[in-house]
Amino acid sequence: MQKFLNKFFKLEEKGTTVRIELIAGLTTFMAMAYILMVNPGMFADPFGDGTNVLGVSFGAIYIATALSAVVGTVLIGLLSNLPLAQASGMGLNAFFVYTVCVGLGFSYANALVFCLIDGLIFIALTITGLRRLIFEAVPAAVKAAIPAGIGLFIAFLGLQNAKIVIPSTSTGVTMNTFNLLGDATWGSIMPMLITIAAVIAIAVMSKKGVKGAILWSILGAAVLYYALGFTVPGFYDGFWASITLNPFDAFKDFGTQAVGKVFTEGFNFDAYLAGEGRSVGGLIIAFVTTSLAFCMVDMFDTMGTLYGACRGGNLLVKNEAGELEVPNMDKAMLADAVATTTGAICGTSTVTTFVESSAGVGAGGRTGLSSMFTAAMFFIALFLAPVASLIPACAYAAALIYVGILMIGCVKDIDWADPSVSLPSFLTIVMMPFTYNISYGIAFGLISHIAVKAFTGKIKEVKLGTWVVAVLFAAMFFLTH
């Protein structure tokens, strides 16, 4: 076995061993295992108030998330021989739930169709090499701003799930009260304090280099939540009756609520068309623009993550032009595309390469063998759904907030002194959380980019692909919204 692994994954050539790859694989899993709690929680309880908007259970999405992570991680390890892992991507899951389902009014099964199309298009673009044309159609200012906008959006969702930010009739949103002498009670304040403590704990552990800081903070916050529950009157009323210890209940929900829904119900848009002011023409435009937004966000997220994770571990190689690039880039992108298609069939949002893979790379991972170990851990986690379902919203809300912090760092690369760059970048960033819609941020960024170029005499700098995408988004605004 040692000889086979060494030959297949080129361990000696990469300067690594089975032991090092094992440690790296476990490190990557610890760093990204939080998705097993965050993703199902986002689908089953989008607003942290127990309202099941999408009509799918925590257990069903938990199995879909873990299973698609196993498939995606195995694929990228075998095809590209890179120490990376895949799962339902943060930002893309928020786009799925809050933009496509809650915002635009598509059903859970309809939204899976967009993920399926995203994967199939991604496969075609990767095989033909056309993905570069679409990537280049989006201005650099918008590309740089997309991760920051998604980060703010995710953090905003986390603050809402924690009930720290709440709706306001006068200002739209406001901060919840902590005033024990006023309307607040210990029962309402306690979860908010736990979220705040968990976010600080993540930052402290990350600063100290603790592996899996987000996961440990979520688990610690959950333990603290139930420990303090004894101080809240009525906290445990009906609680024990709601607990299930049978891991196969989640598999049952997965079979009836998630897997295959993209085929059995996804292409039925009658419920969407029944909405006020909606037409078949509007559906077609919304379908095209939403599919396009899925593809663009997925593509930029994947390319950026692949490059960032490999750069952190000195895995980049020089191409013929002397530029650094990800080794086996096309194979890694193909694995990502196939995993997204698989995820849609399983019933979860777009599967993509996780930036947390860099934790495993930092621990010495150099080959796809570490991915195999990470995938093995996700397989074991398939049977831990009852444990994950006990994680409260206030615990995984901390993960959302901190992921937002990580994603907003890209703003340092934006030239804020140049108005032709700062305006599209700013609108891309702020319109995502302000409109509760990631695709609207991309749309405003593209349209404002063209407008600035047109009125400054540089219209020829706008690429044809940029015009096409911007016109589609404009049609969505004027004909469907």
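For the structure, see preceding data.
Rules behind the numbers
- Residues numbered from 1 in each chain as written.
- Predicted model: local features only at pLDDT ≥ 70, side-chain atom pairs only at ≥ 80, totals over all residues.
- Heavy atoms only, no water.
- Phe/Tyr/Trp six-rings, centres within 6.5 Å; stacked < 30°, edge-to-face > 60°.
- Helix = DSSP H or I, 4+ residues; strand = E, 2+ residues; numbered from the N terminus.
- Buried < 20%, exposed > 50% of the residue type's maximum accessible area, 1.4 Å probe, protein only.
- Polar contact = N/O pair within 3.5 Å; in protein donor to acceptor, adjacent residues only side chain to side chain.
- Contact = heavy atoms within 4.5 Å.
- Expected span 1.5 Å × (residues − 1).
- Salt bridge = Lys/Arg side-chain N within 4 Å of Asp/Glu carboxyl O.
- Arc of directions from axis to C-beta.
- Pairing = 2+ DSSP bridges.
- Patch = residues over 30% accessible without salt bridge, like charges linked within 9 Å, V, L, I, M, F, W, Y side chains within 5 Å.
- Areas by Shrake-Rupley, 256 points an atom, 1.4 Å probe, with all protein chains shown as cover.
- Axes fitted to C-alpha atoms, helices over the stretch in contact; angles between N-to-C directions.
- Parallel < 35°, antiparallel > 145°, perpendicular 65-115°, else oblique.
- Left-handed = near helix turned anticlockwise from the far one by under 90°.

A. Here's a closer look at the packing of aromatic side chains. Applying the stated criterion across every chain, the model contains 26 aromatic pairs. Between F248 and F383, the aromatic rings sit 6.3 Å apart at their centres with planes inclined by 70 degrees, giving edge-to-face as the arrangement. Taken as a pair, F248 in helix α13 (residues 248-258) and F383 in the loop between α19 (368-381) and α20 (385-388) lie far apart in primary sequence, 135 residues in all. For the ring pair F379 and F383, a centre distance of 5.9 Å and an interplane angle of 80 degrees mean the geometry is edge-to-face. Since its relative accessible area comes to 45%, F379 is described here as partly exposed.

B. Quick peek at the side chain of S217. Positionally, S217 belongs in helix α11 (residues 213-228). You can call S217 buried: its relative accessible area is 5%. Separated by 3.0 Å, the side chain of S217 and the backbone oxygen of A213 make a polar contact. Dropping the residues within four chain positions of it, S217 is found in contact with A198, A201, I202 and M205.

C. Structural view of helix α22 (residues 419-435). When the terminal C-alpha atoms of α22 are compared, their 23 Å separation across 17 residues agrees well with the 24 Å that a helix rising 1.5 Å per residue should span. Among all positions in α22, only S422, P424, S425, L427, T428, I429, V430, M431, M432 and P433 are buried. Looking at the packing, one finds that the buried side of α22 touches α9 (140-161) and α23 (438-455). Where α22 ends, the next residue or the one after it, Y436, has phi of about 60 degrees, a positive value.

D. Expanded view of the pattern of salt bridges. Applying the stated criterion across every chain, the model contains 2 salt bridges. Between K261 and E265 there is a salt bridge, and its shortest N-O distance comes to 2.9 Å. When its relative accessible area of 16% is taken as the criterion, K261 is described as buried. The partner of E461 in a salt bridge is K453, with the nearest N and O atoms 2.8 Å apart. Take E461: its relative accessible area is 46%, and that puts it in the partly exposed class. The class of K453 is buried, set by a relative accessible area of 13%.

E. Seen up close, the environment of V113. Note on placement: V113 falls in helix α7 (residues 108-128). V113 gets classed as buried once you look at its relative accessible area, which sits at 0%. A sequence separation of 178 residues divides V113 from S291, and the C-alpha atoms of the two residues are 8.9 Å apart. Every residue in contact with V113, bar those within four places of it in the chain, is listed here: V262, G266, F267 and F287.

F. Region of the structure containing α13. Among all positions of α13, only A250, F254 and A258 are buried. In a view along the axis of α13, the buried residues occupy a sector of 50 degrees, so they form one face of it. For α13, the exposed residues lying more than 90 degrees away from the buried face are F248 and K252. Residues of α13 that are buried sit in contact with α5 (58-80), α7, α14 (261-264), α17 (329-346) and α20. Positioned one or two residues after α13, G260 has a phi angle of 80 degrees, which is positive.

G. Spotlight on the pairing of strand β2 (residues 165-168). By the bridge criterion, 4 bridges tie β2 to strand β3 (residues 172-175) in an arrangement that is antiparallel. The residue of β3 that forms the bridge with P167 is V173. Counting the residues that bridge the hairpin from β2 to β3 gives 3 residues.

H. Expanded view of the environment of A213. Locating A213 in the fold gives a position in helix α11. Considered as a pair, A213 and M30 are 183 residues apart in the sequence and their alpha carbons are 8.2 Å apart. With residues up to four places along the chain from it excluded, the contact list for A213 reads I202, M205 and S206.

I. Layout of a nonpolar patch on the surface. Among the surface-exposed residues, L180, W186, L193, I196, I200 and V204 lie close enough to one another that they form a single nonpolar patch of about 520 Å² accessible area. Its location among the elements puts V204 in helix α10 (residues 186-207). Of the residues examined, V204 reaches a relative accessible area of 40% and is grouped as partly exposed.

J. A look at the side chain of S425. Summarising the element assignment, S425 is placed in helix α22. On the basis of relative accessible area, S425 is assigned to the buried category, the value being 0%. A polar atom in the side chain of S425 sits 3.1 Å from the backbone oxygen of A141. Filtering out sequence-adjacent residues up to four positions away, S425 remains in contact with A141, A145, I414 and W416.

K. Spatial organisation of the packing of α10 against α11. At a minimum axis separation of 9 Å, α10 and α11 run at an interaxial angle of 155 degrees. The orientation of α10 with respect to α11, classified from their angle, is roughly antiparallel. For α10 against α11, the interelement crossing comes out right-handed. In this structure, α10 contributes W186, M190, P191, I194, A198, A201, I202, M205 and S206 to the contact, and α11 contributes A213, I214, W216, S217, A221, L224, Y225 and L228.

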